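Here's the letter readout for the chains.
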Amino acid sequence: MKKVVIIGGGYAGIYALRELVKNKNIKITLIDKHTYHNLQPEVYDLIANKSTFADVTIDLTTLCRGFNHNHLEFKNLKVRKIDQHTRKIYTEEQEIVEFDYLIMAAGTRTFFPSSIPGLNNADDIKKLHRAITFKQSFERQLFEKIRDEAKQCADTHIVVVGAGLSGVEIAAEMAYYSNKFFERGNFSCDNLKISLISSSASILPGLKQDLINISQQRLKALGINIITNTKLQKVEDGYCYLSNGTKINHSFVVFTGGVESSTITSELDDVAKNGRGQLIVNEFMQTDKYENIFAIGDIAEIRNLQGEIMPPNVTVARISGTNAGKNVLNLISGKSLQKCDPKLDGILIALGGQYAAGDIYGLLTVKGRLAYEIKKYVFSSYRKPLIKLIKKGYAKLKRM
């Protein structure tokens, strides 16, 4: 029986798994250091108290149980070494997992440049446990303001570094939530400030200008201070020092200034990688040296058939994961491989409350409540089938 291993239970890994389970005669092992699939785009709702921990996670144990596959297992392990020659994976827990085919789907992590002193103390909301800690810090700041408002009304200043999608969405949700908080309670000490710092000439670099304009207008309406063409140079003594020569005080800093590949890619020492550590793959999602090792989602440098590098997002994770799963099954059955040609469906940006902006297939720009409802529908269409599977898996576990 052929053994297929997926490392990483994120979006790409789950899509690959959904294809692999169609073959009931292979052994499938999903490995992840976490016990849950983190629905990263929805974490901002968690921070803004619009959802709970259960709403932004999918339990991997019950998910795997929910698939109708007798040879599928989930292993909560931390990978330490991959030997591509002996086809063995070594883990921190001293367990060795063998494979015939390997799909790398371990994703990325926030890149903290070592050239910026003090940045290691910034919040990294890409990690769920850090996002929860940040949520608690944010709420504590609000509590302290109303607790002390009769005696003092000290400034609270949150600095968000990086004005890509993550930075814009977290800044918008925090601003909206805090505005509603003070309005609902009629608290007098409502001087919480949020600054968003972009090293580029605008927010959301690379996106269409109309989306940038809509987002910028919304952020300003929420009271967010946007600073462009400026880099963070150091974080020290409660201040952020900027490249424009100014310094601004902060209560805490959120860093969303870029990503780099999971450190696990360094274990494949003879496989081609780019400068960010991403594995370079061909049109079949295979690595350059080994036809049995695939890389998908954010951990891979993925190009469309025109040679353009695709941005890391859920759409590319879905397309690449599905393609890799199909191609592993094709290799096993001796069929021809299918080329992967990812195309973006568009983009949807959460901008606080029931407001969003989006580009649909490059043909239509939407904003406000309509864009928000579309975004909710897209998320629901992904999450609902997984919820059915984990409920089914949970019922199986309870019968054991």
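Scroll up for the structure.
Residues numbered from 1 in each chain as written. Predicted model: local features only at pLDDT ≥ 70, side-chain atom pairs only at ≥ 80, totals over all residues. Heavy atoms only, no water.

Focus on the sheet that holds strand β12 (residues 192-197)
Part 1 of the argument: Across the sheet, which stays open at both edges, the four strands sit in the order β13-β12-β11-β17 with parallel pairing between neighbours. On the outer flanks of this sheet lie β13 (225-227) and β17 (252-255), each paired with one strand and no other. Pairs of neighbouring strands in the sheet enclose a mean axial angle of 20°, with direction left out of account. (Pairing = 2+ DSSP bridges. Helix = DSSP H or I, 4+ residues; strand = E, 2+ residues; numbered from the N terminus. Axes fitted to C-alpha atoms, helices over the stretch in contact; angles between N-to-C directions.)

Describing the packing of aromatic side chains
The geometry of an aromatic ring pair comes down to the distance between the two centres and the angle between the two planes.
Part 1 of the argument: This structure, assessed with the given rule, holds two aromatic pairs.
Part 2 of the argument: Geometrically, the ring pair formed by Y15 and Y382 is tilted, given 5.5 Å between the ring centres and 45° between the ring planes. Within this pair, whereas Y15 is found in helix α1 (residues 11-20), its partner Y382 is found in helix α8 (residues 369-399), the two being separated by 367 residues in sequence.
Part 3 of the argument: Look at Y15 and you get buried, because its relative accessible area is 13%.
Part 4 of the argument: When its relative accessible area of 6% is taken as the criterion, Y382 is described as buried. (Phe/Tyr/Trp six-rings, centres within 6.5 Å; stacked < 30°, edge-to-face > 60°. Buried < 20%, exposed > 50% of the residue type's maximum accessible area, 1.4 Å probe, protein only.)

As for unusual backbone geometry
Part 1 of the argument: Its identity is not glycine, yet L204 carries a phi of approximately 50°, on the positive side.
Part 2 of the argument: Summarising the element assignment, L204 is placed in the loop between β12 and α6 (209-221).
Part 3 of the argument: Of note, the phi angle at D237 is positive, near 50°, even though the residue is not glycine.
Part 4 of the argument: Here D237 lies in the loop between β14 (232-236) and β15 (239-242).

What about the pairing of β12?
Part 1 of the argument: Of all six residues in β12, five are buried, a share of seventy percent or more.
Part 2 of the argument: Here strand β11 (residues 156-161) pairs with β12 via six bridges, running parallel. By the bridge assignment, V161 is partnered in β12 with I197.
Part 3 of the argument: Where β12 and β13 come together, three bridges link them in parallel fashion. For S195, the partnering residue across the bridge sits in β13 and is N225.
Part 4 of the argument: Read from β12 through α6 to β13, the crossover connection turns out right-handed. (Right-handed = clockwise from strand over helix to strand, strands pointing away.)

Describing the sheet that holds strand β9 (residues 101-104)
Part 1 of the argument: Spatial strand order, β5-β2-β1-β9-β20: five strands in an open sheet with parallel pairing. Here the strands that pair on one side only, and so sit at the sheet edges, are β5 (72-76) and β20 (293-295). Each neighbouring strand pair of the sheet contributes to a mean axis angle of 15°, computed without reference to strand direction.
Part 2 of the argument: Strand direction decides the pairing type here: strand β2 (residues 27-32) and β5, joined by five bridges, are parallel. Paired with I28 across the bridge in β5 is L72.

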